[in-house]
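# Tertiary structure, described
So the chains spell out like this:
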Amino acid sequence: MLSGSDTGIGHALAKYLDSLGFVVFAGVLNKDGPGAEELRRACSQRLSVLQLDITNSTQVQEAYLAVSEKVQNAGLWGIVNNAGILGFPADGELLPMSTYRHCMEVNFFGAVEVSKTFLPLLRKSQGRLVNMSSMAGGIPLPRYAAYGASKAALSMFSGVMRQELSKWGIKVTAIHPSGFRTGIEGTAEQWDKQEKELMENLPADTRQAYGEEYLLGLRNYLLQLPSYCAPDLSPVLGAVLHALLARRPQGLYTPGRGAYIPLCIFCCFPLWFYDFF
């Protein structure tokens, strides 16, 4: 069972696992949207599309009942908490509190609720819990205070669950991809709305301290973001597959070119060196 299958990694992962013969329960934010329709068209009849807004407790429970009915006593082998949002990438002081709350609601609380709800099915099969975190959840990256904090919370949750659930044979993994082009960047309309909210809530002295040129440059950074991201998602898909099937999966995967380098510098060198790097 995976969440966030409308676009990006979740969409590609649903197709990939289906092509390998898995029985896939693909949770989508909009069961009538283009992503869901594409899954129904392109995938086998083994794949089930589930309406699943992970911030909606009723939908999480309904998805649990639908999956339980299908798997019966066999249990569920894997949960992949993939659904997530980026939020407007800007300095932490500039971000409105609504961005922090929204990132935590989706990236952390939603994943925790899905995990807690579906764990009884994993216990039956001694299965796998895979949480899609981010490189920003393992190391501090400028302009990702809200997103990084929510993903760091998810990574810590993964670590604790890995320890606590081991007595039932459940294996827990966190995935920390580097930059991939996933569609999480959102649409121009979404960014316009978030940028407007950000600018309207800035105190005058904060606006003056950063300067109009810097604030306008945030939009340019956002527009250039996809060009720094790898279009080939196969390293992430391979990491998730290994986490689901390996006899001894890793607790942490860092798919993507160079994803482990900043993490190594952060862990092994003084913080001043990391900040300079």
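Refer to the structure printed above.
Overview of the structure. (Residues numbered from 1 in each chain as written. Predicted model: local features only at pLDDT ≥ 70, side-chain atom pairs only at ≥ 80, totals over all residues. Heavy atoms only, no water.)

### Focus: the overall build of the protein
Helix and strand content of the protein: eleven helices and six strands. Against the globule reference of 19 Å for 277 residues, the protein gives a C-alpha radius of gyration of 19 Å, in line with a compact fold. Within the protein, contacts between residues at least 6 apart in sequence are counted, and of these 72% link residues at least 24 apart. When the accessible surface of the protein is totalled, it reaches about 14,000 Å², and 57% of it is carbon and sulfur. (Helix = DSSP H or I, 4+ residues; strand = E, 2+ residues; numbered from the N terminus. Rg over C-alpha atoms; globule rule 2.2 N^0.38 Å. Contact = heavy atoms within 4.5 Å. Areas by Shrake-Rupley, 256 points an atom, 1.4 Å probe, with all protein chains shown as cover.)

### Details of the packing of aromatic side chains
The tally for this structure, following the rule as stated, stands at eight aromatic pairs. Cluster of aromatic residues (ring-pair linked, three or more members): F108, F109 and F157. It is R123 that lies over the ring of W168; its NZ or CZ is 4.4 Å from the centre. (Phe/Tyr/Trp six-rings, centres within 6.5 Å; stacked < 30°, edge-to-face > 60°. Lys NZ or Arg CZ within 6 Å of the ring centre and 35° of its normal.)

### Details of the layout of surface pockets
In this approach the atoms are scanned with a rolling probe the size of a water molecule, which exposes any empty space left behind. Considering only enclosed or pocket space, the second largest pocket measures out at about 200 Å³ in volume. In this structure, the second largest pocket is lined by M1, L2, L17, F22, V23, V24, F25, L76, W77, G78, V80 and L244. (1 Å grid on protein atoms, 1.4 Å probe; cavity = no way out; pocket = protein on both sides within 12 Å on 5 of 7 lines; lining within 4 Å. Points joined across faces, edges and corners; volume = space filled by probe spheres on them.)

### With respect to helix 1 (residues 8-19)
With twelve residues, helix 1 ought to run about 16 Å at 1.5 Å a step, and its terminal C-alpha atoms sit 17 Å apart, in line with that. Those residues of helix 1 not exposed but buried are G8, I9, G10, H11, L13, A14, L17 and D18. In this structure, the buried side of helix 1 is in contact with strand 1 (25-28), helix 2 (34-42), strand 3 (78-81), strand 4 (128-132) and helix 9 (234-245). In the stretch just after helix 1, G21 is the one whose phi turns positive, near 100 degrees. (Expected span 1.5 Å × (residues − 1). Buried < 20%, exposed > 50% of the residue type's maximum accessible area, 1.4 Å probe, protein only.)

### Describing empty space enclosed by the protein
Per the counting criterion, the structure on display carries one cavity of 30 Å³ or more. Volume-wise, the largest cavity comes out at about 50 Å³. Every residue along the wall of the largest cavity is listed here: M135, G138, I139, H176, T254, A259 and L263.

### Comments concerning the sheet that holds strand 3
The strand order 3-4-5-6 describes an open sheet built from four strands, whose pairing is parallel. Unpaired on one side and paired on the other, strand 3 and strand 6 (252-253) mark the two borders of the sheet. With five bridges connecting them, strand 4 and strand 5 (residues 171-175) associate as parallel partners. Counted as the bridge partner of R128 is K171 from strand 5. (Pairing = 2+ DSSP bridges.)

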